[in-house]
Amino acid sequence: MGADDDTAAIAGQRALVLGASGNVGACVVRQLAAAGADVRVLLRASSSTNGIDGLDLDRRYGNPFDPGTVAAAMVDRDVVYYCIVDTRAELRDPAPLFATNVEGLRTVLDVAAGADLRRFVFCSTIGTIAVERDGATVDEDTPFNWADRAGGYIQSRRQAEDLVLSYAREHALPAVVINVSNPYGPPDWQPRQGVFVQMAALGKLPFYIRGVGSEVVGIDDAAEAMLRASVRGRVGERYIVSERFMSHRELVTTAAAAVGARPPRIGVPMAVVRVVAGAADVAAALLRRNLPLSRQGAWLLEHTSPASHAKATRELGWEPQPTEHFIARAAQNYLRRSRST
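Because the structure is predicted, anything quoted here is derived from the model rather than measured.

Parameters at a glance
Within any chain, residue numbers begin from 1 and follow the written order of that chain's sequence. Local features in a predicted model are, by the rule used here, given only for residues with pLDDT of at least 70; side-chain atom pairs are given and counted only at 80 or more, and totals for whole chains, interfaces and linings are based on all residues. With hydrogens and water stripped out, all remaining heavy atoms of the structure feed into the side-chain values. Numbering goes from the N terminus for both helices and strands, where a helix is a DSSP run of H or I of at least four residues and a strand is a run of E of at least two. Radius of gyration here is computed from C-alpha atoms only, and the compact-globule reference equals 2.2 Å multiplied by the residue count raised to the power 0.38. Classification of residues uses two cut-offs on accessible area relative to the type maximum, computed with a 1.4 Å probe and protein chains only: under 20% is buried, over 50% is exposed, and between them is partly exposed. Throughout, a contact is declared for two residues whenever any of their heavy atoms are within 4.5 Å. Reported accessibility uses the Shrake-Rupley method at a 1.4 Å probe radius. Residues are deemed covered only where the shown protein chains occlude them. The charged-residue count follows a simple rule in which Lys and Arg add positive charge and Asp and Glu add negative charge, with His and chain termini not counted at all. Each charge is placed at NZ for Lys, CZ for Arg, CG for Asp and CD for Glu. Working definition: rings of Phe, Tyr and Trp (its six-membered ring) pair if their centres are within 6.5 Å, and the pair is stacked with planes under 30 degrees apart, edge-to-face with planes over 60 apart, and tilted otherwise. Lysine and arginine charges are scored as sitting over a ring when NZ or CZ, respectively, is within 6 Å of the ring centre and within 35 degrees of the ring normal. One requirement defines pairing of two strands: DSSP has to find at least two bridges between them. Throughout, an axis means a line fitted to C-alpha atoms (over the contacting stretch in the case of helices), and angles, computed between N-to-C directions, take values from 0 to 180 degrees. Within this scheme, the nonpolar core is defined by two criteria: the residues are buried Ala, Val, Leu, Ile, Met, Phe, Trp, Tyr or Cys, and they are joined through side-chain atoms within 4.5 Å. Between the first and last residue of a helix there are one fewer steps than residues, each counted as 1.5 Å, and that sum is the expected span. This arc is built from the directions going out from the helix axis to the C-beta atoms. To count toward a patch, a residue needs a relative accessible area over 30% and no salt bridge; like charges are then connected within 9 Å, while nonpolar side chains (Val, Leu, Ile, Met, Phe, Trp, Tyr) are connected within 5 Å. In the sections that follow, a salt bridge refers to a side-chain nitrogen of Lys or Arg positioned within 4 Å of a carboxyl oxygen of Asp or Glu.

Chemist: Honestly, the overall build of the protein in this entry has me stumped. Any pointers?
Modeler: The secondary structure content of the protein amounts to 12 helices and 12 strands. Relative to a compact globule of 341 residues, whose C-alpha radius of gyration would be 20 Å, the protein shows 20 Å and is just as compact. Principal-axis analysis of the C-alpha atoms gives the protein an extent of 55 × 40 × 40 Å. In the protein, buried positions account for 52% of the 341 residues. Within the protein, residue pairs in contact and separated by at least 24 positions form 77% of the contacts whose partners lie at least 6 positions apart. Put simply, the protein shows about 14800 Å² of open surface, and 50% of that area lies on carbon and sulfur atoms. Taken together, the 38 basic and 38 acidic charged side chains of the protein have centroids lying 8 Å from each other.

Next up, the structure:
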């Protein structure tokens, strides 16, 4: 199948996007709409629509985990893009993570298994992939090797991914899993991964964290991979969608340079971050509230490693652009938005 065939297949889709209020989901919607697809979104009444405003869409409203609501939204659709996720790794009580990421998903899968779908494209995370040992680059087939340290967020995401793959095996659901790394790029109205880029762009980040980094990808490239997976992805397979490994210093200095901000100059050792995160956990327990920094979040920041996207390139025809371009655009967007408020 060639590029023209892919384009025609995407343009002819009757797609349902769940999670269109998030940065990845909104980007999937924008690309589908630009391709000429028939796009339906299911949103809560309280969902942000900043990322999809102005698009010609079929908008449905309701609880995305109510079977009747989901079934009505899935009528006459041939591709479902599932981008709903609770990413709050800092939660002291992980129950909401499992309620959304696993049990809510299960409800949708039950409906999808009975629908006449051509593909169910599930947006997962690179956090369900192994981390390297002895300098080896990991891929989709590397056995997961950090379950003892994963924490509630990653545990919920691993269970979600396993659930999707079990429905592919046992219920003939035509599901494909996309393991997206840390995505960057505008508009990102509610930045989480992008918070360091935002702070650097606004000149509010005097430091970078020494000796750590993460896999990164441009937001548009992540969405493109999901669209390609809807056409080329093999049912029951996982695909790493990440451009490359980038140090934390490069991430924030790239953002600062894009807008002419003073680059972060102080290199903070990861040991200091661990101490601060531990203190934050104590404070969170005393205050009985969740704080943005936690030991679990610090551990996730420290324990990431290079991963190969060769399978996505080989099977999906996915060729990512340099992520620094997306980081620069994100920084410019954060600065422009701050000046307009």
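Chemist: Please explain the packing of aromatic side chains as it appears in this structure.
Modeler: To describe a pair of aromatic rings, you give the distance between the ring centres and the angle between the ring planes. This model, assessed by the stated rule, comprises 4 aromatic pairs. Members of the aromatic cluster, connected to one another through ring pairs, are Tyr82, Phe120 and Phe122. Positioned over the ring face of Tyr239 is Lys311, at 5.0 Å from the centre of the ring.

Chemist: Looking at this structure, how should I read the environment of Ser294?
Modeler: By secondary structure assignment, the location of Ser294 is in the loop between α9 (270-287) and α10 (295-302). Taking the relative accessible area as the measure of exposure, Ser294 reaches 5% and is therefore buried. For the pair formed by Ser294 and Val276, sequence separation is 18 residues and the distance between their alpha carbons is 8.4 Å. Among residues more than four places away in sequence, those in contact with Ser294 are Ala89, Glu90, Ala277 and Asp281.

Chemist: Even after reading the chapter, I still don't get the sheet that holds strand β5 (residues 119-125), so can you show me in this structure?
Modeler: Whenever strands of a sheet pair, they do so through backbone hydrogen bonds, lying parallel or antiparallel. Here 7 strands make up an open sheet; going across it, the order is β3-β2-β1-β4-β5-β6-β10 and the pairing parallel. If you trace the sheet from one side to the other, it starts and ends with β3 (58-61) and β10 (238-241), each paired once. Taken pair by pair, the neighbouring strands of this sheet meet at an average axis angle of 20 degrees, ignoring direction. In the sheet, strand β2 (residues 38-43) pairs with β3 via 4 bridges, with the strands oriented parallel. The partner of Val41 across the bridge, within β3, is Arg59.

Chemist: Quick question: what am I supposed to make of the nonpolar core here?
Modeler: Grouped burial of nonpolar side chains is what soluble globular proteins tend to show. If you look at the biggest cluster of nonpolar residues, it comprises 38 residues, and the most contacted ones within it are Val17, Val28, Leu32, Val41, Tyr81, Ile178 and Met226. No other element matches the 8 residues that helix α7 (residues 219-232) contributes to this core. Once residues lying within four places of it in the same chain are set aside, the contact partners of Leu32 are Ile10, Gln13, Ala15, Val17, Ala37, Val39, Tyr81 and Leu227. Counting 28 residues, the second-largest nonpolar core is a separate cluster that includes Phe65, Met74, Leu105 and Val111.

Chemist: Where do I start with the environment of Ser47 in this structure?
Modeler: One can find Ser47 in the loop between β2 and β3. Using a relative accessible area of 22% as the deciding quantity, one classes Ser47 as partly exposed. For Ser47 and Gly36, which are 11 residues apart along the polypeptide, the C-alpha to C-alpha distance reads 24 Å.

Chemist: What is the right way to look at α9 in this model?
Modeler: Structurally, the α-helix is built with 3.6 residues per turn, so residues lying three or four positions apart point the same way. In this model α9 runs 25 Å from its N-terminal to its C-terminal C-alpha over 18 residues, within 8% of the 26 Å that 1.5 Å per residue would give. Listed as buried for α9 are Met270, Val273, Ala277, Gly278, Ala280 and Ala284. Here the buried residues of α9 occupy an arc of 160 degrees about the axis, which is enough to place them on one side. Exposed side chains of α9 directed beyond 90 degrees from the buried face belong to Val275 and Leu286. Contacts made by the buried residues of α9 are with β8 (207-209), β12 (266-268) and α10. Of the residues flanking the end of α9, it is Arg288, one or two places downstream, whose phi is positive at about 55 degrees.

Chemist: I tried to follow α10 on my own but got confused; where do I start?
Modeler: Taken together, the buried positions of α10 are occupied by Gln296, Ala298, Trp299 and Leu300. On its buried face, α10 is in contact with α5 (151-170) and α9.

Chemist: Can you help me understand a nonpolar patch on the surface in this one?
Modeler: A cluster of nonpolar side chains, Val272, Val276 and Leu293, forms an exposed patch at the surface whose accessible area comes to about 210 Å². For Val272, the position within the fold is in helix α9. Overall, the relative accessible area of 39% leaves Val272 in the partly exposed class.

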